Amino acid sequence: MSLARKSLGSRLDWTTFFLYIFIVLIGVMAVYTSEYSSFSDPFFDASKSHMKQLTWLGISLFLGMIIVFTDSKFFYAVSYFSYLLGIILLLLTFVFASEVKGSHSFIKFGSFTFQPGEICKIFTALALSRFLSAGDTKFDTLKDRIIAAALVLLPCMLIILQNETGLALVYFAFFLPMYREGLPNIILVLAFSMVGLVLGTLLIEQLPLFIIITVVFILVGLLYRRTIIRQRIVLIFVIGGWLFSVLFSNVLVPYVFTKVMQPYQVERIYSMLGQDVPQEFQRPGRKAKKDADYNVRQSKIAIGSGGFIGKGILNGTQTKYSYVPEQHTDFIFCGIGEQFGFVGSAVLVLLYLALMMRIIHLAERQRSGFSRIYAYCVASVLFFHFAINLSMTMGLAPVIGITLPMLSYGGTSLLSFSIFIFILLRLDADRHVLLR
Amino acid sequence: MAENTNIHPRSILVRALFVVMALVIIVRLFTLQIMDDKYKILADDQAIYKKIVYPARGEMLDRKGRNLLINDIAYDLQVTPNKLKDLDTALFCRVMNMTRDDFLKSIAKIIKKNGDRRPSVFIASLSPEQNTRIQENLYLFNGFEIIQRTQRRYPMGIGGHIFGYVNEISPARLEMERYASYRQGDYVGINGLEGVYEEVLRGQRGIEYWVRDVYNRPQDPYKNGQLDTPAIAGKTLELYLDAELQAYGEKLMQGKIGSVVAIDPQTGGILTMVSSPSYDPNLLTGAELSRNYSKLYQEYTRPLFNKATQATYPPGSTFKPITGLVALDLGVITPAFGLGCAGGYYQCGKRIGCTHSNPGHAANMRVALANSCNSYFCHLQRLIVDSKQFGNVKNGLQHWHDYMNNFGFGVTLGIDITGEYPGVIPDSVFFNKLYNNHWNSCQLTYMGMGQGEVTVTPIQMANAMCMIANRGYYYIPHFVKSIGGDKNHGMLKKYNQRIDALTHVSKEAYDAIINGMVDVTVSGTGRVAKLDGFNVASKTGTAENYASIHGQRVKLDNHSVFVCFAPADDPKIAIAVIVQNSGYGATWAGPVASLLMEKYLTDTVKRKPLEDRMVNGNTIKKYIYTIDSLNRVRDRIRDLLRTADQRTRDSMRRVQDTVIVERILNKYYHLDTRKKYYDLKRPEYLD
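What counts, and at which threshold
- Residues numbered from 1 in each chain as written.
- Chains lettered and ligands numbered in written order.
- Predicted model: local features only at pLDDT ≥ 70, side-chain atom pairs only at ≥ 80, totals over all residues.
- Helix = DSSP H or I, 4+ residues; strand = E, 2+ residues; numbered from the N terminus.
- Buried ≥ 20, exposed ≤ 12 C-beta atoms within 10 Å, placed from the backbone.
- Contact = placed C-beta atoms within 7 Å.
- Pairing = 2+ DSSP bridges.
- Axes fitted to C-alpha atoms, helices over the stretch in contact; angles between N-to-C directions.
- Parallel < 35°, antiparallel > 145°, perpendicular 65-115°, else oblique.
- Left-handed = near helix turned anticlockwise from the far one by under 90°.
- Nonpolar A, V, L, I, M, F, W, Y, C, P; charged D, E, K, R; others polar.
- pLDDT = per-residue confidence, 0-100.
- Expected span 1.5 Å × (residues − 1).
- Arc of directions from axis to C-beta.
- Core = buried A, V, L, I, M, F, W, Y, C linked by C-beta atoms within 7 Å.

### Topic: the overall build of chain A
Here is step 1 of the chain: Scanning chain A for helices and strands turns up 19 helices and three strands.
Here is step 2 of the chain: Counting all 436 residues of chain A, 43% fall into the buried class.
Here is step 3 of the chain: Within chain A, contacts between residues separated by at least 24 positions form 71% of all contacts whose residues are at least 6 apart in sequence.

### A few points about the overall build of chain B
Here is step 1 of the chain: Within chain B, the secondary structure is distributed over 22 helices and 18 strands.
Here is step 2 of the chain: Every one of the 687 residues in chain B was classed for burial, and the buried ones make up 40%.
Here is step 3 of the chain: Intrachain contacts of chain B at a sequence separation of at least 6 include 72% that bridge at least 24 residues.

### Observations concerning the sheet that holds strand β15 (residues 480-483) of chain B
Residue and element names in this part refer to chain B.
Here is step 1 of the chain: On the basis of which strands lie adjacent, the open sheet formed by three strands has the order β2-β10-β15 and mixed pairing. Two strands bound the open sheet, and with one partner strand each, they are β2 (60-61) and β15.
Here is step 2 of the chain: As paired strands, β2 and strand β10 (residues 237-239) are joined by two bridges and run parallel to one another. Looking at the pairing, L61 lines up with E238 of β10.

### Considerations on the packing of helix α18 (residues 369-393) of chain A against helix α19 (residues 411-429) of chain A
How two helices sit against one another is set out by the angle between their axes and by the gap between those axes.
Residues and elements named next belong to chain A.
Here is step 1 of the chain: Where α18 meets α19, the closest approach of the two axes is 10 Å, and the angle between their N-to-C directions is 150°. Relative to α19, the element α18 is oriented roughly antiparallel. Of the two elements, α18 crosses α19, and the hand of that crossing is left-handed. Two secondary-structure elements touch here, α18 through S371, Y374, A375, V378 and V381 and α19 through F420, I421, L424, L427 and D428.
Here is step 2 of the chain: Residues belonging to the contact of α18 with α19 are distributed by class as follows: eight nonpolar, one polar and one charged.

### Some points on the interface of chain A and chain B
Here is step 1 of the chain: Residue-level contacts link 39 residues of chain A with 36 residues of chain B.
Here is step 2 of the chain: Those elements giving two or more residues to the side of chain A that touches chain B turn out to be α9 (175-180), α15 (294-304), α16 (317-320), α17 (332-364) and α18 of chain A.
Here is step 3 of the chain: It is α17 of chain A that contributes the most residues to the side of chain A that touches chain B, eleven residues altogether.
Here is step 4 of the chain: Each residue belonging to the side of chain A that touches chain B can be placed in one class, and the counts come to 22 nonpolar, eleven polar and six charged.

### Details of the sheet that holds strand β8 (residues 206-212) of chain B
Residue and element names in this part refer to chain B.
Here is step 1 of the chain: Strand order in the open sheet made by the three strands is β1-β8-β9, with antiparallel pairing throughout. Each edge of the sheet is formed by a strand with only one pairing partner; in this case those strands are β1 (48-53) and β9 (218-221). Direction aside, the axes of adjacent strands within the sheet are offset by 45° on average.

### Digging into the confidence of the model for chain B
Residue and element names in this part refer to chain B.
Here is step 1 of the chain: Averaged over all residues, the pLDDT of chain B is 86; the fraction at 70 or higher stands at 94%.
Here is step 2 of the chain: Segment residues 671-687 is flagged for pLDDT under 50; beyond a separation of four residues in sequence, or across chains, it makes 24 contacts in the model.
Here is step 3 of the chain: Predicted complex, confidence summary: ipTM 0.87, pTM 0.65.

### A short note on helix α18 (residues 458-469) of chain B
Residues and elements named next belong to chain B.
Here is step 1 of the chain: Helix length check: α18, at twelve residues, gives a terminal C-alpha distance of 17 Å against a target of 16 Å (1.5 Å per residue), a fit within 8%.
Here is step 2 of the chain: Within α18, twelve of the twelve residues are buried, leaving the element largely enclosed by the surrounding structure.
Here is step 3 of the chain: All of the buried residues in α18 are P458, I459, Q460, M461, A462, N463, A464, M465, C466, M467, I468 and A469.
Here is step 4 of the chain: Among the structural elements, β11 (258-264), α12 (320-330), α19 (507-522), β17 (552-566) and β18 (573-579) are those in contact with the buried residues of α18.
Here is step 5 of the chain: Positive phi shows up at R471, right after α18, with a value of about 55°.

### Focus on unusual backbone geometry
For residues besides glycine, phi is generally negative; the peptide bonds are generally trans as well.
Here is step 1 of the chain: Here S276 of chain B and P277 of chain B are connected by a cis peptide whose omega angle stands at 0°.
Here is step 2 of the chain: Inspection of the secondary structure puts P277 of chain B in the loop between β12 (269-276) and α11 (289-298).

### Observations concerning helix α4 (residues 100-114) of chain B
Residue and element names in this part refer to chain B.
Here is step 1 of the chain: A rise of 1.5 Å per residue sets the reference length of α4, with its 15 residues, at 21 Å; its end C-alpha atoms lie 21 Å apart and thus fit the reference within 8%.
Here is step 2 of the chain: Listed as buried for α4 are I107, I110 and I111. Projection of α4 onto a plane perpendicular to its axis shows the buried side chains occupying an angular sector of 100°, all on one side. Of the exposed residues in α4, those oriented more than 90 degrees away from the buried face are D101 and K109.

### Structural notes on the environment of V277 of chain A
Residues and elements named next belong to chain A.
Here is step 1 of the chain: Along the chain, V277 turns up in the loop between α14 (263-272) and α15.
Here is step 2 of the chain: Under the C-beta neighbour-count criterion, V277 is labelled buried, with 21 such atoms within 10 Å.
Here is step 3 of the chain: For the pair V277 and P263, spaced 14 residues apart in the sequence, the C-alpha separation amounts to 9.4 Å.

### Details of the environment of G349 of chain B
All names here are of chain B.
Here is step 1 of the chain: Counting through the fold element by element, G349 comes out in the loop between β13 (344-345) and β14 (352-353).
Here is step 2 of the chain: Given 6 C-beta atoms within 10 Å, G349 falls into the exposed group.
Here is step 3 of the chain: Taking the C-alpha atoms as reference, G349 lies 8.8 Å from C442; in sequence the two are 93 residues apart.

### Observations regarding the packing of α15 of chain A against α17 of chain A
All names here are of chain A.
Here is step 1 of the chain: Taken N-terminus to C-terminus, the directions of α15 and α17 make an angle of 30°; their axes are 7 Å apart at the nearest point. Of the possible angle classes, the one that applies to α15 and α17 is roughly parallel. Across from S299, A302 and I303 in α15, the residues of α17 making contact are C334, G337 and E338.
Here is step 2 of the chain: Here the contact of α15 with α17 is composed, by residue class, of three nonpolar, two polar and one charged.

### Observations concerning the nonpolar core
Here is step 1 of the chain: Counting residues in hydrophobic clusters, the biggest one holds 125 residues, and the most contacted among them are A462, M465, C564, I575, V592 and L596 of chain B.
Here is step 2 of the chain: Take this core: its biggest share by element is nine residues, from α18 of chain B.
Here is step 3 of the chain: Grouped together as the second largest cluster of nonpolar side chains are 116 residues, I67, L183, Y374 and L424 of chain A included.

### What to know about the confidence of the model for chain A
For residues with low pLDDT, the predicted coordinates do not support detailed interpretation.
Here is step 1 of the chain: Averaged over every residue, the pLDDT of chain A is 84; the share at 70 or more is 90%.
Here is step 2 of the chain: Across chain A, element-level confidence peaks in α17 of chain A with a mean pLDDT of 94 and bottoms out in strand β1 (residues 98-100) of chain A with 65.

### A short note on the environment of L84 of chain A
All names here are of chain A.
Here is step 1 of the chain: Within the secondary structure layout, L84 lies in helix α5 (residues 72-96).
Here is step 2 of the chain: Taking the C-beta count within 10 Å as the criterion, L84 has 13 such neighbours and is therefore assigned partly exposed.
Here is step 3 of the chain: Placed 43 residues apart in sequence, L84 and A127 show a C-alpha to C-alpha distance of 9.2 Å.

Laid out in structure tokens, this is it:
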């Protein structure tokens, strides 16, 4: 094999690496502009966020180097162990959590805080890859499918209990690799439909939701009309599904929310989604509704005012004068949209798309299943973050606090994505090896 | 090795998912950033802050270039009620040290007065302590703004009546055409020079565009200030007023009711105008303005009433030179005309008393003036109106009336502060009405000696002295010499024109009158006005006056009146002084005029004992208070009667206003309109 004889450096996929570095550096600039207030501020000020972010990039690259020089078999070997470690960390979080902005998902070592939930994504990806690629796993059996789903949902549940719904939702990204490995369409469709139904019930008003559900089921009915003509039982499934959805969203949830649960519990559910309790579920005497969509409105104003080519670097009035809350973390994209306009934003979107497509390309050239599934995990997690973060900054999705990968300010987030990608690069460098 | 070249179908689906999502995001970006202009406008609305820069108001200098007033910087707290939605009322009240009730009442008052959209002054002239407290916390209180403006300060505390004052523009003024360019919350000059010269004093507002942050704090000039308009400061007024003389006049007049007007006859420039009791103009600046104003308004001596231009008095004997001059000009007498007076005038049946009874005290015009013989001038008045050339007495009176108007009596002069009264110079219509068409010259005799129906204002008397001193011409009395250094400014045009009202009168006539007035000082009733080295022409007056109390005509103490000018041959100053209800002209008004003249002409006052007597003298009679109270009651009743049916309409409007205010309060504070707003609990979300 010619590939095996090549040096490690030439086997690494430098395209992925440069896309990664490029996006991180854009992020450092975006963080700098979101904090910038006047010319007199020195760039090299260690207390500034962009300098911290640069430090984190240094740490990430150092760790990346270690990862690249590690034997790829190591990752295969430690995958289950690391998963166990991740779960233990998550459990420890309940004991040692220090509160950061109302969330109990951070552990503090001196001045250094980190979020086990972020790191655990990597461990879950490794464990899932190992399980699905294992020789004795029959992914077409129900038992193995349940085990795979449990692997993903266990950390997910623990994180939900830590009040970090956004982060937990990211774990649903792992169903995408499972789909690639043969999960039947119908399960994926059902799972996503259920998630959609729950979110829809919470976020959409009852009448429009009823109309949406009805329209969806009529479309499904029309799509499968031939099957329905042949097998009447399918019609019963469709009607039953419609009935269930309507009852669930328009009767069951309102009943439980207004009659069974305590008002504070309802508020907690909505606050997990970053929302206020809608009018229809409010009890008299509770706090009046606050301006919930302030963030999104400001974010849309910032992005929308960028126009075609933007206001120019450091000229964004909305981001420079802190109109957008959380603008260096979750709403980092506002700064790009305002300062660089449609052109800059679209270029960034295309950079992300290129990175994800490249990773899928890498995945499909692996010899071992472990590497392929891991690559899919990386692409899926990236995709999930990318799609939800941009949708929420532009008012297409509810604000659930998901970072923009490698762009948002935040050490753990950058570090975890870096490790994700460097492990992938390492595995890809050994794509000729069959990992057992 | 052979890379996996056959592409897995589900990998294509996954890739398709990625591409579709990226496309959705790009389409969304396109609609947000390119299709929709709304966000650009919203961003500008939010971040760009238009700051009005108020110019410094024009200054005023006296004739020697001294600053009469100083512009201080004052800060007003402005509020726009409809932006208060998210206000933390409790915190605001704590910072401003006020109760919640007071806060709500003030807001309700502002909404009622100016509506809820326009910025209105919430607290005028913040104290330094208030200012620091609110400045620190301003970003917490959306809807409040601090406006910087200039506020007057008068280092000498003189000339309140002259300057007028500056206050927030009233809704009534806003509707006037003159104030079309003003906005709610602007300041405007009211009365006096501030009011008349408002257009040149105010300067031009500037506009600065600032970018502000989310806490409403201005951060940087927008586009480096390219779009800004700088403010243009108001123009400086240079006055004829002599600050020292004015201060001295106010000092001499303390403890007296009356006024002093001193004019430079050669320019018409007013050197001094005192209306006593005077007030410190500093009272009418700043936060205490309205309280001080009503306090001054309530005073029984009526300090706000400018007695120099608005009070009308019988001129008494100071009118005699005028009567004499008219008689001489008409030719009804010659300067040598004499009258045998034995202490009274009996020709019209009733006796008109004269202080002198020695023979020859009215042997000719000059002597009669020096001795101030009543009989002589009463007789002249009859000679004037009964003169053959006019045919009948009505015609005669009308001609006399024209003379008086030429002297500036019975008409407003058009000086450059507002609120001038014309006084009364009766004409035949007046007497026809008074005497039911049956009257003759005998009813007019008193007017010859400045009593009876004639009333004039102090400024008119001073102006008439200017005319005699100038032998027939005058300039309309005015304060302002130049506007921003320009002596021919449009607003000063009418003051630069010499008015030759009585220049046709012969030299002999003027000589007789002026010599007579000089004799008054040298040997007559006005000897107190003698001034070494100067030829002073003067005339004393002791004016009888009456008050109407419960419909009864009650005689009060005489007004002490004095007019003079000097030097007689080259006049530099003409003065009229009146001290109400204080006795003889030579006792109070004469010394005041003379001391002012000495001060002006020689710069120092040597007659210290006289000065002390004047400064310390108090001539305010107790009954003034009673009369003032009665007048106020009378005015009140008259007002009540006049507005009786207006009130019905007002009440209806008030009910309407209340409904509107309650509706607005309900909208922003969720207050229950069925209860009074100040009884209500705080809306929950504000806690």
